[in-house]
Structures are given as C-alpha cells and as structure tokens.
Amino acid sequence: MADNTGLTDQEREELERLRAEKAEREKADREAAERAELERLRREQAAAREASDADRRAAEARERGRALMEPDDDLKMPLGQKIVILAVVGVAAVWLAITILG
C-alpha cells in the first residue's frame, strides 16, 4: 500500500477533497435508493388497499345477491324469486293473449 507520509500538503488536500466528493456521491446514491424504495412501498400499499376495497365490494355484492335470491330462516320465498316468477307469468300471459287474440 502507498504510504501517505510521502504526499505533499497539496496532494493531501486533493485526496481529502476527492474522498469527500466520493462520500457525497455515495450518500446521494443511498438517498435516491431509499426514495425509490419508499415510493415502491407506497405503491404496493395503495395497490393492496385497492384490492382489499375491491374484495370488500365484491363480498357486499354477493351478500346482497344472496339475500335477494335465497330463502331466509323461516323459508319464505325471497323477493328475487317472486320477481322472476311474476315476470315469467307476465310473459306467458302476453304470449297467451297474442295467441288467442292474434
């Protein structure tokens, strides 16, 4: 290894200045990497939040559909089934009226 005792004062000052510049560049690189990691983590967190919101909305929609189409505890016919039956009876009545009167 080189011995620093052979350096002149001017060379020592230059060496210290170059070391300081190198340290400053390394610090800037570390800070840029940390900022990039922070942004990446924020994006991941936002994506996870959006996914959980979408899952929650889908679960709520499934629950509304289930409540509309499945019988409740006392086995009464659900509203959705009543609407479907009424629509089928209405279409049959219209078809029958057109057939008889048509």
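Residues numbered from 1 in each chain as written. Predicted model: local features only at pLDDT ≥ 70, side-chain atom pairs only at ≥ 80, totals over all residues. Heavy atoms only, no water.

Asker: Got a minute to help me understand the overall build of the protein chain in this structure?
Answerer: Regarding its fold elements, the protein chain presents two helices and zero strands. For the protein chain, the C-alpha radius of gyration of 38 Å lies well beyond 13 Å, the compact-globule estimate for 102 residues. With respect to the principal axes defined by its C-alpha atoms, the protein chain has extents near 115 × 40 × 20 Å. Residue burial in the protein chain is summarised as follows: out of 102 residues, 2% are buried. For the protein chain, the accessible surface area stands at approximately 9200 Å², while carbon and sulfur atoms represent 59% of it. Side chains of the protein chain carry 19 positive and 24 negative charges; the gap between the two charge centres is 6 Å. (Helix = DSSP H or I, 4+ residues; strand = E, 2+ residues; numbered from the N terminus. Rg over C-alpha atoms; globule rule 2.2 N^0.38 Å. Buried < 20%, exposed > 50% of the residue type's maximum accessible area, 1.4 Å probe, protein only. Areas by Shrake-Rupley, 256 points an atom, 1.4 Å probe, with all protein chains shown as cover. Lys, Arg positive; Asp, Glu negative; His and termini not counted. Charge placed at Lys NZ, Arg CZ, Asp CG, Glu CD.)

Asker: Looking at this structure, how should I read a negative patch on the surface?
Answerer: There is a patch of like negative charges on the surface, built from Glu 24, Glu 31, Glu 34 and Glu 37. For Glu 31, the location among the structural elements is in helix H1 (residues 9-69). (Patch = residues over 30% accessible without salt bridge, like charges linked within 9 Å, V, L, I, M, F, W, Y side chains within 5 Å. Salt bridge = Lys/Arg side-chain N within 4 Å of Asp/Glu carboxyl O.)

Asker: What am I meant to see in the pattern of salt bridges here?
Answerer: Pairing is possible between side chains that carry opposite charge, provided their charged atoms lie close to one another. The final tally for this structure, using the stated rule, is eight salt bridges. Of the charged contacts, one joins Glu 60 and Arg 56 as a salt bridge, the two residues approaching to 3.2 Å between their closest N and O atoms. Of this pair, Glu 60 and Arg 56 both sit in helix H1, four residues apart, which is roughly one turn of that helix. Close ionic contact of Arg 66 with Glu 63 constitutes a salt bridge, the shortest N to O distance being 2.5 Å. Placement of the pair is Arg 66 and Glu 63 together in helix H1, with a separation of three residues, close to one helical turn. Within the structure, one salt-bridge network assembled from shared partners comprises Glu 63, Arg 66 and Glu 70.

Asker: Can you walk me through the environment of Ile 83 in this structure?
Answerer: If you trace the backbone, Ile 83 turns up in helix H2 (residues 79-101). What makes Ile 83 partly exposed here is its relative accessible area of 49%. Ile 83 sits 28 residues away from Asp 55 along the chain, and the two C-alpha atoms are 28 Å apart.

Asker: I keep staring at a nonpolar patch on the surface and nothing clicks. Help me out?
Answerer: Together, Leu 68, Met 69, Leu 79, Ile 83, Val 84 and Val 88 give the surface a local cluster of nonpolar side chains, amounting to about 540 Å² of exposed area. When residues of the nonpolar patch are traced back to their parent elements, those giving at least two are H1 and H2. With four residues, H2 is the largest single contributor of residues to the nonpolar patch.

Asker: Looking at this structure, how should I read the environment of Ile 100?
Answerer: For Ile 100, the position within the fold is in helix H2. C-alpha of Ile 100 to C-alpha of Ala 51: the two residues are 49 residues apart in sequence and 55 Å apart in space.

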